[in-house]
Amino acid sequence: CSSDLIMKDLNGWINEGQIMMAQREKKIKRAKSWKFDTVATHGLYDLQQALSSHSGSIMEPVYMSPAQAYSDCNEMEAALSYQIPTWCYSRIANPSTYFLEETIALLETYGSDIIASGLATSSGMSAIKTATDPFLVKDDKLPPPNIVSCAKVYGGTFQQFWIRRYQEQGIEVRWICDPGNLDEWLSKIDNGTRFVYGEFPSNPSLTIFDIESVAELAHSFSIPLIVDSTCATPAITRPLLFGADIVVHSASKAISSSGTSIAGLIVARKNIISKIGPDEMKADFASWAKLWPFRDNGPSIHPMAAIMTLNDMRSLRMMVDKMSQSALQIAEYLHNHPKIENVSYPGLPSFPQKKLADKYMHLVDSDRSAFGYMMLAEIKEQNPGESINTRNFYDGLDMIWRATDLGRVKTIATLNSISTHQQQGEEGRSLAGINPNAIRISVGIEHPDDIIADLEKGFSKI
């Protein structure tokens, strides 16, 4: 301890921490009264915080330092025993990541009185692993663990569950082939199931499921529902409002639409449903994960990536609105094109789960539906299983980028069977509904006429 600093005893620091937490609760209550765009712009960062800690900076600062200094040994003891708010070491937490985590938790619970906590990770895949690991721990009081998940998921998620969990760790994975069939969900869940998992909508097939009904089913078995809402974002769908326990995002996508950062996000409601884990985990999953398994595994996001993601997120609703309106126009154009076999987009009347899409997909703070920026188009081929026309169309694109990315301000097209879903093999692609003639199109903010003109360039090569 340094005699040059104002020092408190341990209880003094704990009392100060309690004051800080009470002030935070007041800020949360204030933010809960704001509109979505205001929450996205300000989060919990305000003038009081800026003047007391950040030299009056209007924008949230980037804290590049890996560690926090303490006034005395008592503050350090209180901090490292998690009795006061602290960031101590950036592998565990950092002020810049807190700004992002607080804001996404408010956005995912917008329009409700639900209280949730957020956790930022280095990628969407690390978010999935961090969100699911705690439910797969050894527990001799329960049967061997199994996972029940939609089969129509992102290729990386398929690999994490099927290769890392099942083939390497022996944890059974039970795939749901028809997520709209509640009886199929019921047939796969039993006393060994640790959590239920689904994407809304799925990447890239755009399949959706009834979040509310599946959440009720999961809770009847005392297990949580985890939803990957990357392709909806809280600007369209907020699964926690319909009973989900945990939401994960690859924030590298639409939330960070400028394409400068890799990031993952977890948002968990307080008091999740789970038959496994300590009471502290169930009470505040995201905070517990940050302080314990996250601390030990180290999937932390870089502070610069956190702030860049936060800056993009401020305009999320407005951008998703623009992208969704353009995507609907382009989906209608493709649906009527003679060289197209099928288009999967939740906004089309032909979408098999249109009623569910109408129930769950709305632009926040508006009276309009919004069905997202992504669609899957299948090109007509002369013979089933071929991709000759598809590849010629794809290589004929000029303005539209050929890449594996999505949710960008720039329109991007992807051949998923040879990229994002290549490694899971033909059987896995069949489960996910990915055919060789399928192209995922992620619509950006360009004028839709220019996007359609470029698609015509591709069609001219067939």
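Remember, it's a predicted structure, so these values are computed and weren't measured experimentally.

Caption draft 1: Inspection of helix H4 (residues 73–80) at higher detail. For H4, every residue scored as buried is listed here: Glu75, Ala78 and Ala79. Taken down its axis, H4 places every buried residue within 100° of arc, on the same side. Buried residues along H4 sit against helix H1 (10–31). The N-capping residue of H4, defined by a side-chain oxygen 3.0 Å from the backbone nitrogen of Asn74, is Asp72. Backbone geometry just after H4 places Tyr82 at a positive phi near 60°.

Caption draft 2: Focus on helix H16 (residues 388–395). Of all the residues in H16, the buried ones are Asn389, Thr390, Phe393 and Tyr394. Along the axis of H16, the buried positions cluster into a sector of 135°, meaning they face one direction only. Facing away from the buried side of H16 by over 90 degrees, the exposed positions are Ile388 and Asp395. Residues of H16 that are buried sit in contact with strand E9 (374–379), strand E10 (401–402), strand E11 (412–414), strand E12 (438–442) and helix H18 (448–459).

Caption draft 3: How the structure looks around the sheet that holds strand E4 (residues 193–199). Sheet architecture is open: seven strands sit in the order E1-E7-E6-E5-E4-E2-E3, paired in mixed fashion. Only two strands of the sheet have a single partner each, and these edge strands are strand E1 (116–121) and strand E3 (172–176). In this sheet, neighbouring strand axes are inclined to one another by 20° on average, regardless of whether the strands run parallel or antiparallel. In the packing of helix H5 (residues 95–108) onto the sheet, contacts are made with E1, strand E6 (246–250) and strand E7 (264–269), and the angle to E1 comes to roughly 130°. Docked against the sheet, helix H9 (residues 211–220) engages E4 and strand E5 (225–228), running at close to 150° with respect to E5.

Caption draft 4: Geometry of the nonpolar core. Counting residues in hydrophobic clusters, the biggest one holds 127 residues, and the most contacted among them are Leu225, Ile246, Leu334 and Leu455. Examining the composition of this core, we find that nine residues originate from one element, helix H14 (residues 316–335), more than from any other. Not counting residues within four places of it along the chain, the set of residues in contact with Leu225 comprises Val196, Phe209, Ile211, Val214, Ala215, Ala218, Ala244, Asp245 and Ile246.

Scoring rules and cut-offs
Residues numbered from 1 in each chain as written. Predicted model: local features only at pLDDT ≥ 70, side-chain atom pairs only at ≥ 80, totals over all residues. Heavy atoms only, no water. Buried < 20%, exposed > 50% of the residue type's maximum accessible area, 1.4 Å probe, protein only. Helix = DSSP H or I, 4+ residues; strand = E, 2+ residues; numbered from the N terminus. Arc of directions from axis to C-beta. Contact = heavy atoms within 4.5 Å. Polar contact = N/O pair within 3.5 Å; in protein donor to acceptor, adjacent residues only side chain to side chain. Pairing = 2+ DSSP bridges. Axes fitted to C-alpha atoms, helices over the stretch in contact; angles between N-to-C directions. Core = buried A, V, L, I, M, F, W, Y, C linked by side-chain atoms within 4.5 Å.

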